[in-house]
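# Observations on the model geometry
Take a look at the letters that make up each chain.
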Amino acid sequence: MPPDPTPDPTPVLVPQLGTEIAEAEVTEWLRADGDTVAAGDPIVSITTTKMALELEAPVSGRLRIRTPEGEIAAVGAILAEIG
Amino acid sequence: MPKEILVDPSQVLRPGRVETPALPVHAYARTMAAEVAARGAPALIEALRHMLVIREFEGMLAAFKAQGAYRGIAYAYRGPAHLSIGQEGAAVGSALALDPADHIYGSHRSHGEFLAKGLGAVARLPEARLDAILAAHDGGRLRDRVAAALGRAGRALAEDFLLFGFLAEIFMKSNGFNGGMGGSMHAFFAPFGCYPNNAIVGASAGIAAGAALRRRLAKDGAITVAHAGDGATGCGPVWEAMNFAAMGQYGRLWQDGGGRGLPVLFFFTNNFYAMGGQTSGETMGWERLSRIGAGVSPTALHAETVDGTNPLAVADAVARKRALLLAGEGPVLLDVECYRLCGHSTTDANAYRTRDEIRLWEEADPIRRFAATLESAGVLGAGALDDMQQEVALRIEAVTRAAVDPALAPPVDLAGDPTRIGRLMFSHRETTLPPAPAPGVADPAASAALRAIARKARAGRGADGAELPALRAITLRDALAESILHHMIHDDRLVAWGEECREWGGAFGVYRGFSDILPHHRLFNAPISEAAIVAAAVGHAMEGGRSLVELMYADFIGRAGDEIFNQMAKWQAMSAGALSLPVVLRASVGSKYGAQHSQDWTGLITHIPGLKVIYPATPYDAKGLMAAALASEDPVVVFESQRLYDKVETHRPEGVPADYYRLPFGVPDVKRAGGDLTILTIGPSLYPALAAAAELAVAGIEAEVIDARTLVPFDYRPVLESVAKTGRFLAVTEASERGSFAQTAAATVARHGFAHLRAAPRVIGAQNWIVPGADMEATYFPQAHDIADAVMADFFPERRANRRGLRDWDDLALARAGL
């Protein structure tokens, strides 16, 4: 069977940022929806009540934003997919 | 942590050597002919005369201290006399090279520097400017009195004015330059560039550095001079100040065009003794004082060792250093070697030095040497020195005779006006903000973090009445940020600094996003130098700036103890109101991190006169009181609880106004109405008190909960009105009970509300022991059940309620054990 030409996209999740944090706000998308990003590129800035930090693209590929700027997402929620 | 500066291991870890510049020692080599050609004979003779004036002036003080009389004038002078006899060459030499617009900050031994700078200003300011200064001071009254008493006009009157105003201040008379509130060690007269002397060794270093920050930002083309003795090189705050003035960011990150450092000259008058300890060879390791410059910056602060017995060597060095400062190459350091021929004070028996040594330095007496040099150069004729000494002695005698005359220099009338000094503590004035934004600040919409605040709900409860999470509604942190941002945008005199304040946004994120829109010279990361952070804030404010500084944890107040307690708190009153100190000091009170990171020090700060103190507990109060603090011309300490930064506004249904507003200082706020007892809360104690009130209500007891909000000033009337209604008073604080503001409040209520009280007032605070770790904290900070226990036990014993807290102990027994 030939390999799947479109493998499943890789999700970008809200990370667990300490035991007291349950959710984070998407403060700013540093790259636009549809951009091609490289693994390691900073793509989004998120803010919790304790800190603000930038998340990097886990893989290279096309960025599909699932949670827009200003939304609040729970730990583990999908912020974007890269595929 | 600026991302602009890469820490590259391939560069950092390369082998190499640290090179420090060679530092000149006594390199002055101009000929007298060159000096005469450059300065002119009259200027050199004038310099000699200024040295004679200082010598005679201090000789007069010495005579009063030793014999109670000077040239037939009897006077009992009871204040300090830290004299600089033998050091006049350093003071006058420096003043020769300074411009009247330059500002000197003195030490406890700065009569000479003050007089030299003042005499220099009198000699060099345009006469119209001198007239204006004399007319402006105290409405011209001092000028008129001096003119009437001493009968001179023009520059001669200005000289008499300087000598009389300074001496009357040393004698702490009502018409001394600082209204008698400063005295010998704290005198100043800003119009001549004589900024405060300072009785705390080395304290002027940090203040002058902050003053230089303001001068750099104001671009006024002048410098500040921090005077200190050699002994001050042993003081940590002096090192902090030198580094603060030399931080790498000025040259590498700031875009204000001010060069690589602050325009401040650290002028060490090195007389080889720190009172009785010998610096070189005994108490310090530097051997040559100038060496310490090499420990501060790659330029080694352009340090030099200079012959302080020769005013022209000092003038030459100061002129060269001043040019470096104006070119943005500061800060600079001079090690000015000279000798104190007199004692440290009149009780000095010279136990620490030999007669032979003193005799050697008498040969190097700067007056004797300089006069001889001028004579051999043909500048000073035979007998001219005697004539000058005679003229100067008669001048000082005339000024002294006037200054000891109570008709001409009346004592401060405290019998007639007992609260006069108290009224000098605060001006209670506030600034108005220009409506237009200051230049150089970007639109807040450019910052994602600031857009995030703008998206939040203003009220802390949703439509269903449930409390919103901190990410969805304005928190106390956001409320502080909104007021601070408003002031930063509208007032470019306001500059903020502290550790991690810029990219990090402060350790607790109040400034998060600010670095997106504010340039470095408005908001910058400070070194871990709490003393310099606060001292610079004081100096910056003295010179017309407004300062907002942060100590990451209130526990670090100890690191800035002198700067907060002696400098920030006292200069308004010590200047008799001539100085304003718009300084806001933010200090966050920790939690969970144990004894050195969680203590509430409100008791300590409120004990020190001269500081306004606020401790808001709700977002609405935090925003309005922070605005009041930033608008205040008086210094303000803002306590912020780390446990409350994420609190949303639940007391006002309409939430936190988006627009700018100020709340008045000193007005406690009723957060819950009730008729059975009054609970006054300080800071975060509001929340357990409200929880206790809810529990008590179930038992039919209605507590009125009053949030102090401000501790200094404090209007007791709302509290006393409440007590008149309830007859019971409890104060709750997270500070250790002993010496707390809550105890002060309870004592005041006991006295003024006694007729209404049905039981003794009670205080519940933290215990008089260390703050324990996170898991034990609930045993330390008063909890709702502790409050309810105390209410039931002290005010309603007949109800015989079960005790739920741990505080079932004998307070008197604990007190006997030191607890």
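This is a predicted model, so every value here is computed, not measured.

What chain B contains, in helices and strands, is 29 helices and 22 strands. By principal-axis analysis of the C-alpha atoms, chain B measures approximately 100 × 70 × 50 Å. The buried share of chain B, reckoned over its 819 residues, is 60%. Contacts spanning at least 24 positions in sequence make up 78% of the contacts within chain B whose residues lie at least 6 apart. Carbon and sulfur atoms make up 55% of the accessible area of chain B, which amounts to about 30,600 Å² in all. Looking at charge distribution, chain B has the averaged site of its 80 positive side-chain charges lying 2 Å from that of its 90 negative ones.

Looking only at helices and strands, one finds zero helices and eight strands in chain A. Helices and strands in chain A line up, N terminus first, as β-β-β-β-β-β-β-β. Overall, chain A is about 50 × 25 × 20 Å in size when its C-alpha atoms are taken along their principal axes. Split into buried and exposed, the 83 residues of chain A put 35% on the buried side. Pairs at least 24 apart in sequence give 56% of the contacts found in chain A among residues at least 6 apart. Entry remark: accessible area of chain A is about 4,500 Å², with carbon and sulfur atoms responsible for 54%. A gap of 5 Å separates the mean positions of the 5 positive and 14 negative side-chain charges of chain A.

All names here are of chain B. Read across the sheet, five strands follow the order S17-S19-S18-S21-S22 without closing on themselves; strand pairing throughout is mixed. Looking at strand neighbours, the two that pair on one side only are strand S17 (669-672) and strand S22 (762-766), the edges of this open sheet. Strand-to-strand twist in this sheet, taken as the mean axis angle between neighbours without regard to direction, amounts to 25°. Inspection of the sheet shows strand S18 (residues 677-681) paired to strand S21 (residues 729-736) by four bridges, in the parallel sense. Across the sheet, Thr 681 pairs through a bridge with Val 732, a residue of S21.

Residue and element names in this part refer to chain B. Within the largest apolar cluster, 97 residues are counted, with the highest numbers of intra-cluster contacts made by Phe 244, Phe 268, Trp 497 and Ile 564. Ranked by residue count, the leading element in this core is helix H20 (residues 530-542), at nine residues. Among residues more than four places away in sequence, those in contact with Ile 564 are Val 534, Leu 551, Ile 557, Ala 569, Leu 585, Ile 605 and Leu 611. With 75 residues, the next largest nonpolar core counts Leu 52, Val 146, Phe 164 and Phe 370 among its residues.

On average, chain B scores 96 in pLDDT, and the residues at 70 or more come to 100%. Confidence metrics for the complex model read pTM 0.96 and ipTM 0.79.

Residue and element names in this part refer to chain B. Of all five residues in S22, four are buried, a share of seventy percent or more. Strand direction decides the pairing type here: S21 and S22, joined by four bridges, are parallel. Looking across to S22, one finds that Ser 736 is bridged to Ala 766. With helix H27 (residues 741-752) bridging S21 and its parallel neighbour S22, the resulting β-α-β unit is right-handed.

Now for the packing of aromatic side chains. Residues and elements named next belong to chain B. Summed over all chains, the structure comprises 33 aromatic pairs over all chains. Look at Tyr 75 and Phe 171: their rings are 4.4 Å apart centre to centre, the planes differ by 45°, and that puts the pair in the tilted class. Residue Tyr 75 is found in the loop between strand S2 (73-74) and helix H4 (88-97), and its partner Phe 171 is found in the loop between helix H8 (154-170) and strand S4 (194-195); the two are separated by 96 residues along the sequence. Pair check on accessibility: Tyr 75 and Phe 171 agree, each one buried. Three or more aromatic residues joined by ring pairs form one cluster here, namely Phe 57, Phe 114, Phe 161, Phe 166, Phe 177, Phe 189 and Phe 192. The lysine or arginine in question, Arg 353, covers the ring of Tyr 273, its NZ or CZ lying 5.9 Å from the ring centre. Geometry around Tyr 687 places Lys 647 over its ring, the cationic atom sitting 4.2 Å from the centre.

Moving on to the environment of Cys 235 of chain B. Residue and element names in this part refer to chain B. Tracing the backbone through its elements, the reader meets Cys 235 in the loop between strand S5 (224-229) and helix H10 (236-246). On the basis of relative accessibility, which here comes to 21%, the residue Cys 235 falls in the partly exposed class. As for Cys 235 and Gly 79, which are separated by 156 residues in sequence, their C-alpha atoms are 25 Å apart.

Glancing now at the sheet that holds strand S6 (residues 61-65) of chain A. Residues and elements named next belong to chain A. As summarised here, the arrangement of the four strands in space is S1-S8-S6-S3, forming an open sheet in which the pairing is antiparallel. Where the open sheet ends on each side, the last strands, each with one partner, are strand S1 (10-13) and strand S3 (36-37). Bridge analysis of S6 against strand S8 (residues 78-82) gives three bridges, and the strand direction is antiparallel. Bridge pairing links Leu 63 to Ile 82 in S8.

With that out of the way, let us pick up unusual backbone geometry. All names here are of chain B. The peptide bond linking Gly 330 to Pro 331 adopts the cis configuration, its omega dihedral lying at -5°. By the element assignment, Pro 331 lies in the loop between helix H12 (311-326) and strand S10 (332-337). The omega torsion of the bond from Val 712 to Pro 713 falls at -5°, within 30 degrees of zero and hence cis. By secondary structure assignment, the location of Pro 713 is in the loop between strand S20 (710-712) and helix H26 (717-726). Residue His 428 is not a glycine yet carries a positive backbone phi of 60°. If you trace the backbone, His 428 turns up in the loop between helix H16 (420-423) and helix H17 (448-455). A positive phi angle, close to 65°, is found at Arg 709, a residue other than glycine.

All names here are of chain B. Using the criterion set out here, one finds 60 salt bridges over all chains in the structure. A salt bridge links Asp 220 to Arg 215, with the nearest nitrogen and oxygen atoms 3.1 Å apart. Residue class for Asp 220 comes out partly exposed when judged on its relative accessible area of 36%. A residue is classified by how much of its surface remains accessible, and Arg 215, at 6% relative accessible area, is buried. The partner of Lys 612 in a salt bridge is Asp 634, and the shortest N-O contact between them spans 3.0 Å. Pair noted here: Lys 612 is in strand S15 (residues 612-614) and Asp 634 is in the loop between helix H24 (619-631) and strand S16 (636-641), with a separation of 22 residues, a long-range link.

Here we take up the interface of chain B and chain A. On the side of chain A, 17 residues touch chain B, which itself brings 14 residues to the contact. Overall, the association of chain B and chain A removes approximately 1,200 Å² of surface from exposure, summing both partners, and the carbon and sulfur fraction of that is 45%. The largest share of the area that chain B buries against chain A comes from Arg 455, Leu 471 and Arg 512 of chain B, three residues that together contribute 47% of it. Along the contact surface separating chain B from chain A lie five salt bridges. Put simply, chain B and chain A have three residue pairs in polar contact (both at pLDDT 80 or more) between them. In terms of residue count, H17 of chain B provides more of the side of chain B that touches chain A than any other element does, five residues in total. Partitioning the side of chain B that touches chain A into residue classes produces six nonpolar, no polar and eight charged.

Definitions and cut-offs
- Residues numbered from 1 in each chain as written.
- Chains lettered and ligands numbered in written order.
- Predicted model: local features only at pLDDT ≥ 70, side-chain atom pairs only at ≥ 80, totals over all residues.
- Heavy atoms only, no water.
- Helix = DSSP H or I, 4+ residues; strand = E, 2+ residues; numbered from the N terminus.
- Buried < 20%, exposed > 50% of the residue type's maximum accessible area, 1.4 Å probe, protein only.
- Contact = heavy atoms within 4.5 Å.
- Areas by Shrake-Rupley, 256 points an atom, 1.4 Å probe, with all protein chains shown as cover.
- Lys, Arg positive; Asp, Glu negative; His and termini not counted.
- Charge placed at Lys NZ, Arg CZ, Asp CG, Glu CD.
- Pairing = 2+ DSSP bridges.
- Axes fitted to C-alpha atoms, helices over the stretch in contact; angles between N-to-C directions.
- Core = buried A, V, L, I, M, F, W, Y, C linked by side-chain atoms within 4.5 Å.
- pLDDT = per-residue confidence, 0-100.
- Right-handed = clockwise from strand over helix to strand, strands pointing away.
- Phe/Tyr/Trp six-rings, centres within 6.5 Å; stacked < 30°, edge-to-face > 60°.
- Lys NZ or Arg CZ within 6 Å of the ring centre and 35° of its normal.
- Salt bridge = Lys/Arg side-chain N within 4 Å of Asp/Glu carboxyl O.
- Buried area = accessible area lost by both parts, 1.4 Å probe.
- Polar contact = N/O pair within 3.5 Å; in protein donor to acceptor, adjacent residues only side chain to side chain.
- Nonpolar A, V, L, I, M, F, W, Y, C, P; charged D, E, K, R; others polar.

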